[in-house]
Amino acid sequence: MGEFKVHRVRFFDYMPTAIRAMAFNAHTERLALARMDGSVEIFNFTDHYFQEKVIPGKDSRSIESLCWVGGRLFSAGLNGEIAEYDLENLRPKYSLEAYGGPIWTIISNTQGTQLAIGCEDGTVKLFEVLEEHIQFERNLDRQKGRIISLSWHPSGTHIAAGMMDMIRVFDVPTGHAVQRLLVDRGFGGSKSRETVVWSVAFLSDHTVVSGDSAGKVQVWDGHTGTLVKTHLVTKWDVLALSVSKDESSVVAGTSEGTVIQFQFIAPTLHQQQGKEWVRTRTFKNHTHDVRALAEIETAIVSGGMDTHLVVRPLLEKFDEKSHASGLRKIHFPHRNLVSCAKKVGLLLFQFPGQLELWRLGDSDGHGKPGDRLPLERMPEKLLLLKRKGEDHICCSALSSCGGWLAYSTVSCVRIYRLQTDNNNISITKVSKLPKALHSAHQLCFSSDSSKMFAASSQSSVLVIALTQSECKYVHTLKPKSGSRQPIHLMTTSVDGKWLAAANSDCEIHVYNLQKLKLHCIVPVYGSCPSAMGIHPTTNNLTVVHADQQVNTIISQLYLLQDWSRKLQKQGLHNVWLDRDTPVTHVTFNSKNPNQVVLHDMHMFCIIDQSLPLPDQKTQFYNQMTLRSLSEQERPSHLHAFKICKTFQDLLCVSLLDDQSLVVVERPLLAITSQLPAPVRQKKFAT
Amino acid sequence: MAKKLLRTSPSSSNKFNSANMTDDFQLHLDSSDDDAPEEVTFEESKASALRSMKNALETSKREKDLLKEKRRKRQEMFQEQKKRRLLPAHILEEIDTAPSKKQKLPRDQAESNHEEAYCSWEEGREGSKEGYEKETKKGFKGNIRRLKGNYSVMRVADQSSTNSQQQTAMDFIQARLYGPGSQRTTNNEVLSLQNKRGPNKSAAMQFVNKKWGTEKKAKAEKLKKQWIQKRKVPSS
């Protein structure tokens, strides 16, 4: 395999934001996630929970609640506005001021014709969902307190509203409040504070389930307005509730980080009647508050202040223990936040609010594998570039020579020219940008830095020519398929002839840059590509998909390479397929054309295409055993996948031109240290 | 009741008057002997009357002068304070031109207090620009110009755009989840407890991981140095 000098980088202070709300669309099997900085992420649950789309946030936007109506996504926040999102162009379509003060929650009825929002001023406002927009219909009776949570009865006739110290049931056609359910306050010191009903759920038999700040989950009869059962679940707040589709199970998320499931079953086996809501399971997958919860058919999805998304499949829904029934935690985004200038050893870190440019340190020493070499020159931060305006940065790129830098938000694109003298760095903004370039989903520079490629709407790519200090629009590359989905991956070849672009429809288009037209469409594979790379010498395209399949395509003939065909026939090793994080970066070794370097969050791997493929029985992680074997025995045990797990929590692994590896780690412990305060739990013997 | 009050007052005043009269009588009896009354000439009395009047006039004049003096001094002090608050004109001009010349180099928003700005002005009077990259008052971002009088100019866009309702809503949620009575602890504590109860027992996070608790460690270092110094001085 070879020895590499590794630059172990830990100075990327990447800090993810807390999850605030989520909504699951059962028809399209997509989960929409809203974070505290206003960004929205869409996960495809049929495709190994791949993060398909990311809509960047905005400073003034705050999202408290999300809601799907058919295929449309709506959100409401404390700035008093309802926003609808354009999922093809990854931006908000419009935002409508509701004139009710801060909005706490938004829900839709099962028919998908109306939206209801709960406002700070105590009104529940109904909006009609029309084709291209929404329109205000009427207010329900105004109440004295703020409306924190809402739930629509499946028939659409009643709405339950959780307020301070009470729950009100409204009759939708008349708008009057027909029932008032009084919620008890907590005991002890919290008797003086009002109880906030953080979430309600209205079931079809008119049962109302509520979770409140005193830590209770209560079951009420919506017809008579009486309390049926109280479950005291925690000392802290119950922040989120979610009902399964068949209404047999309700899950509650608490401030402690636990998720508790209640099921509608008969408490004793012999009695068939007398079903009631019984507390069954407790999951403790979070360390901080759980603020967003969704129960889908086979799993419970939870997210909260500890920023990671947890998918907990319910084991009774699976016949056998498989990869699909294991716990999944999604920590890092499924896209690259680090750009590396391979020729000069510069790194560009993308934050939502700024970009940081660092020069890697240097060391001259030599040593055995595993040694830590002394640094002769420390890594230094060359540049901190803050964005202008309120929109967050959605993508950025650094040219491989380190001379050009670009970033894009939903409203603007900025390109900068960098000049590094010995110790000084100067940056000049390129002022006149082509009019067609107003926002990009992905940015990419060609390897000789003469062109920049910007992925814009409807899967098209804008080609911009870069001269000494200005840029000119050259051409728009359009795909033939007419797909409207955005491009999320782009890569160019080293000789500047080819450009490959992948969009969320799982299509990969290869463009010929000399003729500036579409060369071919790669045969569609069922899973979305998560990383792509074009080989420097053979120009073969290597694609890794979200289901961990590795395909190598000969771009001239757009056929699968023989090696890849063999791999598909033999099938990948189970251990490789069981990994739960997707590969986010593919790069190549210029010295050894057979080697492909790729990484995911927990490991990086060098695939050597000249070595035999492992079959199901061979040991997959065999690096340690190989080291212990003697020279003669080794060749018989070698296989193509060489995995290294020394470095953990990887954000990027890249290979510089001088044959040294750059490994950017972000230890999860460092992220935990900056999270907000967790609850204090008194444990025995501490 | 009212009559009683009326009756009591004359009687009390009568008592008082009789007391006075007896006193007067006493004085008269003491001083009046067989001496002849004192002779005071008209000129003398005139002179003394004039003198007393002059004194009165003079004292009033002096008082007026004193007050005037005080007022003048106060006015001067205010003027001086006002002058101090306003930066000299040429530095204001420099601040105006500096943002337009500035390129996108790292700009940290240095929010310095007015007092600090004043001190640095005193120290580096001739052409020191660094102190005034962003002359701001605490709580505001961006440039604020102070004009004469009580006016100041600032951009509306620099102010935070969350309105008061949104702020109260955010405060409400913050207070309910993290405010008093929410029984929260620190991440350090939770991780340290995990260390203590885990299968491999180890010390608290700030001792295991070098990056935790850096402020406390820095403070401890400083105190240690001070203590060593203290021990050295008495012994030497």
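Predicted model only: the values in this text are computed from it and were never measured.

## Focus on the overall build of chain B
Inference 1: Within chain B, the regular secondary structure consists of 8 helices and 2 strands.
Inference 2: Sorting the 236 residues of chain B into buried and exposed places 14% on the buried side.
Inference 3: Approximately 20600 Å² of chain B is accessible, and the part contributed by carbon and sulfur atoms is 56%.

## Here's the deal with the nonpolar core
Residues and elements named next belong to chain A.
Inference 1: The biggest cluster of nonpolar side chains holds 21 residues, and the ones touching the most others in it are L567, W576, V586, L598, C605, I607 and F641.
Inference 2: Listed by contribution, the elements that provide at least two residues to this core are α1 (562–570), β50 (585–588), β51 (595–599), β52 (604–608) and β53 (641–644).
Inference 3: For W576, the residues in contact, after removing those within four places along its chain, are Q548, V550, L598, M603, C605, F620, F641 and I643.
Inference 4: Listed in part, the 20 residues of the second largest apolar core include C340, F351, M601 and C652.

## Details of the pairing of strand β11 (residues 114–119) of chain A
Residue and element names in this part refer to chain A.
Inference 1: β11 sits mainly inside the fold: 6 of its 6 residues count as buried.
Inference 2: Side chains Q114, A116 and G118 of β11 all project onto a buried face; the interleaved residues L115, I117 and C119 project onto the opposite face, where all are buried too.
Inference 3: Adjacent in sequence and paired antiparallel, strand β10 (residues 103–108) and β11 are bridged by 5 residues, among which G112 carries a positive phi angle near 80°.
Inference 4: In this structure, β11 lies alongside strand β12 (residues 124–129), joined through 5 bridges in antiparallel fashion. Bridging across to β12, G118 finds its partner in V124.
Inference 5: Between β11 and the antiparallel strand that follows it, β12, lie 4 residues; G122 among them carries a positive phi value of about 95°.

## Some remarks on empty space enclosed by the protein
In this approach, a probe sized like a water molecule rolls over the atoms, and the result shows the empty space that is left.
Residues and elements named next belong to chain A.
Inference 1: Within the structure shown, the criterion is met by 9 cavities of 30 Å³ or more.
Inference 2: Here the largest cavity is characterised by a volume of approximately 150 Å³.
Inference 3: Those elements giving two or more residues to the lining of the largest cavity turn out to be β29 (328–330) and β54 (650–655).
Inference 4: Looking at the lining of the largest cavity, its residues break down into 7 nonpolar, 5 polar and 4 charged.

## Quick look at the interface of chain A and chain B
Inference 1: Between chain A and chain B, the residue contacts involve 50 residues of the former and 33 residues of the latter.
Inference 2: Roughly 3300 Å² is buried in total at the junction of chain A and chain B, and carbon and sulfur atoms are behind 56% of that figure.
Inference 3: For the interface between chain A and chain B, the tally reads 1 salt bridge.
Inference 4: Among the salt bridges present, the one from B:R184 reaches A:D289, with a minimum N-O distance of 2.9 Å.
Inference 5: Residue assignment for the side of chain A that touches chain B shows that the elements contributing at least two residues are β33 (380–386), β37 (425–429) and α5 (668–673) of chain A.
Inference 6: The dominant element in the side of chain A that touches chain B, judged by the number of residues it contributes, is β33(A), at 4 residues.
Inference 7: Taken together, the residues of the side of chain A that touches chain B sort by class into 23 nonpolar, 11 polar and 16 charged.

## Some remarks on the pairing of strand β42 (residues 487–492) of chain A
Residue and element names in this part refer to chain A.
Inference 1: For β42, the tally of buried residues reaches 6 of 6 residues, placing the bulk of the element in the interior.
Inference 2: Across 5 bridges, the pairing between β42 and strand β43 (residues 498–503) is antiparallel. The residue of β43 that forms the bridge with T492 is L499.
Inference 3: Linking β42 back to β43 in an antiparallel pair, the connection comprises 5 residues, with G496 at a positive phi of about 80°.

## A word on the side chain of A:R328
Residues and elements named next belong to chain A.
Inference 1: Mapping R328 onto the fold places it in strand β29.
Inference 2: Within the buried set, R328 has no salt-bridge partner at all; the shortest N-O distance to an opposite charge, 4.7 Å, is to D580.
Inference 3: Within polar-contact distance, the side chain of R328 engages the backbone oxygen of H48 at 3.3 Å.
Inference 4: Among the polar contacts made by the side chain of R328, one reaches the main-chain carbonyl oxygen of D580 at a distance of 3.0 Å.
Inference 5: Sequence-distant contacts of R328, that is, excluding residues within four places in its chain, are made with H48, Y49, L309, V310, V311, H323 and D580.

## Let's talk about the side chain of B:N195
Inference 1: Here B:N195 shows up in helix α6 (residues 187–197).
Inference 2: B:N195 gets classed as buried once you look at its relative accessible area, which sits at 18%.

## Considering the confidence of the model for chain B
All names here are of chain B.
Inference 1: Overall, the predicted model of chain B reaches an average pLDDT of 71, with 59% of residues at or above 70.
Inference 2: Mean pLDDT values over the elements of chain B span from 38, in helix α4 (residues 114–123), up to 93, in helix α2 (residues 42–85).
Inference 3: The low-confidence segment residues 100–141 (pLDDT under 50) makes 47 contacts with residues lying over four places distant or belonging to another chain.
Inference 4: This prediction of the complex comes with two scores: 0.80 for pTM and 0.85 for ipTM.

## Re α2(B)
Inference 1: Taking 1.5 Å per residue as the helical rise, α2(B) with its 44 residues ought to reach 64 Å, and the 64 Å between its terminal C-alpha atoms agrees with that figure.
Inference 2: Within α2(B), only 0 of the 44 residues are buried, which leaves it mostly out in the open.

## Here's the deal with a negative patch on the surface
Inference 1: The grouping of A:D362, A:D364, A:E376, A:D657 and A:D658 at the surface amounts to a negative patch.
Inference 2: Overall, A:D362 belongs to the partly exposed group, its relative accessible area being 34%.

## Looking at the sheet that holds strand β6 (residues 65–69) of chain A
Residue and element names in this part refer to chain A.
Inference 1: Strand order in this open sheet of 4 strands is β6-β7-β8-β9, and the pairing throughout is antiparallel. Bordering the open sheet on either side are β6 and β9 (91–97), each of which pairs with just one other strand. For this sheet, the mean inter-axis angle between neighbouring strands, taken without regard to orientation, is 25°.
Inference 2: By the bridge criterion, 4 bridges tie strand β7 (residues 72–76) to strand β8 (residues 81–86) in an arrangement that is antiparallel. Along β8, the bridge assignment pairs L73 with Y85.

## Details of the packing of aromatic side chains
Inference 1: Within the structure shown, the criterion is met by 18 aromatic pairs over all chains.
Inference 2: With centroids separated by 6.3 Å and ring planes inclined at 65°, the aromatic side chains of A:W576 and A:F620 adopt a geometry described as edge-to-face. Placement of the pair is A:W576 in helix α2 (residues 574–577) and A:F620 in the loop between β52 and α3 (623–628), with a sequence separation of 44 residues.
Inference 3: Taking relative accessible area as the criterion, A:W576 reaches 0% and is therefore assigned buried.
Inference 4: We classify A:F620 as buried; its relative accessible area is 3%.
Inference 5: Members of the aromatic cluster, joined through ring pairs, are A:F11, A:F12, A:Y14, A:F332, A:F349, A:F351 and A:W358.
Inference 6: Across the ring face of B:F172, the terminal group of A:R146 is positioned such that the distance to the ring centre comes to 3.8 Å.
Inference 7: A cation over a ring is seen here: A:R579 above A:W576, with NZ or CZ 4.1 Å from the ring centre.

## A look at the sheet that holds strand β26 (residues 290–295) of chain A
All names here are of chain A.
Inference 1: Strands sit in the order β26-β27-β28-β29 across an open sheet of 4 strands; the sheet is antiparallel. Lying at the two open borders of the sheet, with one neighbouring strand each, are β26 and β29. Averaged over all neighbouring strand pairs, the angle between strand axes comes to 15°, with direction disregarded.
Inference 2: Bridge analysis of strand β28 (residues 309–313) against β29 gives 3 bridges, and the strand direction is antiparallel. Considered in β29, the bridge of L309 is made with I330.

## Some thoughts on unusual backbone geometry
All names here are of chain A.
Inference 1: Of note, E247 is a non-glycine position whose phi angle comes to about 60°, a positive value.
Inference 2: Within the element layout of this structure, E247 appears in the loop between β22 (238–243) and β23 (249–254).
Inference 3: One non-glycine residue, T307, adopts positive backbone phi at about 65°.
Inference 4: Assignment of secondary structure puts T307 in the loop between β27 (299–304) and β28.
Inference 5: T307 gets classed as buried once you look at its relative accessible area, which sits at 5%.

## As for the pattern of salt bridges
Residues and elements named next belong to chain A.
Inference 1: Inspection of every chain in the model, using the stated rule, returns 23 salt bridges over all chains.
Inference 2: In this structure, the salt-bridge partner of E120 is R146, at a minimum N-O distance of 2.9 Å. On the criterion of sequence distance, the pair formed by E120 in the loop between β11 and β12 and R146 in the loop between β13 (134–139) and β14 (149–152) is long-range, its members being 26 residues apart.
Inference 3: Take E120: its relative accessible area is 16%, and that puts it in the buried class.
Inference 4: Across the pair R138 and E137 runs a salt bridge, and its minimum N-O distance is 3.8 Å.
Inference 5: With a relative accessible area of 32%, E137 lands in the partly exposed category.
Inference 6: A network of salt bridges, in which partner residues are shared, links R8, R10 and E665.

Cut-offs used in this document
Residues numbered from 1 in each chain as written. Chains lettered and ligands numbered in written order. Predicted model: local features only at pLDDT ≥ 70, side-chain atom pairs only at ≥ 80, totals over all residues. Heavy atoms only, no water. Helix = DSSP H or I, 4+ residues; strand = E, 2+ residues; numbered from the N terminus. Buried < 20%, exposed > 50% of the residue type's maximum accessible area, 1.4 Å probe, protein only. Areas by Shrake-Rupley, 256 points an atom, 1.4 Å probe, with all protein chains shown as cover. Core = buried A, V, L, I, M, F, W, Y, C linked by side-chain atoms within 4.5 Å. Contact = heavy atoms within 4.5 Å. Pairing = 2+ DSSP bridges. 1 Å grid on protein atoms, 1.4 Å probe; cavity = no way out; pocket = protein on both sides within 12 Å on 5 of 7 lines; lining within 4 Å. Points joined across faces, edges and corners; volume = space filled by probe spheres on them. Nonpolar A, V, L, I, M, F, W, Y, C, P; charged D, E, K, R; others polar. Buried area = accessible area lost by both parts, 1.4 Å probe. Salt bridge = Lys/Arg side-chain N within 4 Å of Asp/Glu carboxyl O. Lys, Arg positive; Asp, Glu negative; His and termini not counted. Polar contact = N/O pair within 3.5 Å; in protein donor to acceptor, adjacent residues only side chain to side chain. pLDDT = per-residue confidence, 0-100. Expected span 1.5 Å × (residues − 1). Patch = residues over 30% accessible without salt bridge, like charges linked within 9 Å, V, L, I, M, F, W, Y side chains within 5 Å. Charge placed at Lys NZ, Arg CZ, Asp CG, Glu CD. Axes fitted to C-alpha atoms, helices over the stretch in contact; angles between N-to-C directions. Phe/Tyr/Trp six-rings, centres within 6.5 Å; stacked < 30°, edge-to-face > 60°. Lys NZ or Arg CZ within 6 Å of the ring centre and 35° of its normal.

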